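Now for the letters of each chain:
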Amino acid sequence: MWKEQRDKVVEYEELRLQILFKSGVEPFVRDKHDTNGKLVERLWRVGVSASKGMSTDFVSLQLLESEPQISDLPQILHPMRSGFSETGTGWKGDGTFSVKPGYTEYIDVLRYIPGNNQGAAQLGIVYQDGIGKKPHIPLRSYSFTFQAGGATGQFITSRFKFD
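Predicted model, so just to flag it, every value in this text is computed and none were measured. (Residues numbered from 1 in each chain as written. Predicted model: local features only at pLDDT ≥ 70, side-chain atom pairs only at ≥ 80, totals over all residues. Heavy atoms only, no water.)

A. Broad picture of the overall build of the protein chain. When you go through the protein chain residue by residue, the secondary structure sums to one helix and 10 strands. Its helices and strands taken in sequence order, the protein chain reads α-β-β-β-β-β-β-β-β-β-β from the N to the C terminus. The buried share among the 163 residues of the protein chain stands at 38%. Across the protein chain, contacts joining residues at least 24 apart in sequence account for 63% of those joining residues at least 6 apart. (Helix = DSSP H or I, 4+ residues; strand = E, 2+ residues; numbered from the N terminus. Buried < 20%, exposed > 50% of the residue type's maximum accessible area, 1.4 Å probe, protein only. Contact = heavy atoms within 4.5 Å.)

Below, the structure is given as structure tokens:
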């Protein structure tokens with residue numbers, strides 16, 4: 001019995017970050033529509049959660065590699081809540097965020113803008129410094145490898161497929 005209680009305490013105190021993604025499921029995919037209901041933007045995101053009992057600050061999510069390969073990696077992705085600066089110089093903040101116990105913070109990964117009369121459809125990675133050095137990547141499925149880490153020094157890596 002004592003061992004079971006000790007194991008519960010250790011599990012509660014040990015910080016574990018987790019990177020989450022579920023293809024096509026809210027809140028991992030967010031669509032923005034115009035007043036006529038036409039799709040104007042789709043965002044795919046991943047979540048970073050912390051185990052119950054601990055929180056961590058200065059968490060960042062890095063896109064390490066992709067398949068098919070995209071140049072200019074690794075790149076830090078921006079947290080959803082940071083917002084774009086009014087000056088047009090990129091996203092607010094340094095790309096880090098806090099994860100509270102048992103909660104999930106979401107990070108935008110891909111932005112799709114459908115084609116219209118003025119231009120072709122666009123797909124881009126949402127880097128910390130804006131849409132990125134290469135704003136347009138080919139429209140296809142990608143497998144991405146992510147790394148998340150925070151003030152605790154713990155780093156985790158996960159790989160997901162985005163269709």
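B. Main features of the pattern of salt bridges. Inspection of the entire model under this criterion finds five salt bridges. Across the pair R42 and D31 runs a salt bridge, and its minimum N-O distance is 2.6 Å. A residue pair is termed long-range when its members are at least 10 positions apart, and R42 in strand 3 (residues 39-50) and D31 in strand 2 (residues 29-33) qualify at 11 residues. What makes R42 partly exposed here is its relative accessible area of 26%. (Salt bridge = Lys/Arg side-chain N within 4 Å of Asp/Glu carboxyl O.)

C. Spatial organisation of unusual backbone geometry. Note the cis peptide between E26 and P27, where omega equals 0°. Tracing the backbone through its elements, the reader meets P27 in the loop between strand 1 (17-20) and strand 2. In this structure, the amide linkage connecting E67 to the following residue, P68, adopts the cis form with an omega of 0°. Relative to the assigned elements, P68 resides in the loop between strand 4 (56-67) and strand 5 (75-76).

D. Spatial organisation of the pairing of strand 10 (residues 155-162). What you see with strand 10 is a clean split: I156, S158, F160 and F162 sit on the buried side and F155, T157, R159 and K161 on the side with no burial. With eight bridges joining them, strand 9 (residues 142-149) and strand 10 adopt antiparallel strand pairing. Within strand 10, the position partnered with G149 by the bridge is F155. Between strand 9 and strand 10, which follow one another and run antiparallel, lie five residues, and G153 among them has a positive phi close to 85°. (Pairing = 2+ DSSP bridges.)

E. How the structure looks around the nonpolar core. Membership of the largest hydrophobic core comes to 30 residues, with the highest contact counts inside it found for V46, F146 and F162. Sorting the residues of this core by element identifies strand 1, strand 3, strand 4, strand 6 (97-99), strand 7 (104-113), strand 8 (122-125), strand 9 and strand 10 as the ones contributing at least two each. In contact with V46, not counting residues within four places along its chain, are I19, L20, F21, F28, L61, E105, Y106, I107, V109, F146, F160 and F162. (Core = buried A, V, L, I, M, F, W, Y, C linked by side-chain atoms within 4.5 Å.)

F. Here's a closer look at the packing of aromatic side chains. Counted according to the given criterion, the structure contains nine aromatic pairs. Between the aromatic rings of Y142 and F144, the centroid separation amounts to 5.6 Å while the plane-to-plane angle is 5°, which identifies the pairing as stacked. An aromatic cluster is present here, built from F21, F28, Y106, Y142, F144, F146, F160 and F162 joined pairwise through their rings. (Phe/Tyr/Trp six-rings, centres within 6.5 Å; stacked < 30°, edge-to-face > 60°.)

G. Representation of the environment of F28. Structurally, F28 is set in the loop between strand 1 and strand 2. Exposure remark for F28: the relative accessible area of 7% places this residue in the buried category. When the C-alpha atoms of F28 and V109 are compared, they prove to be 9.8 Å apart, with 81 residues separating the residues in sequence. Among all residues touching F28, those that are not within four sequence positions of it are L20, F21, K22, L43, W44, R45, V46, G47 and Y106.

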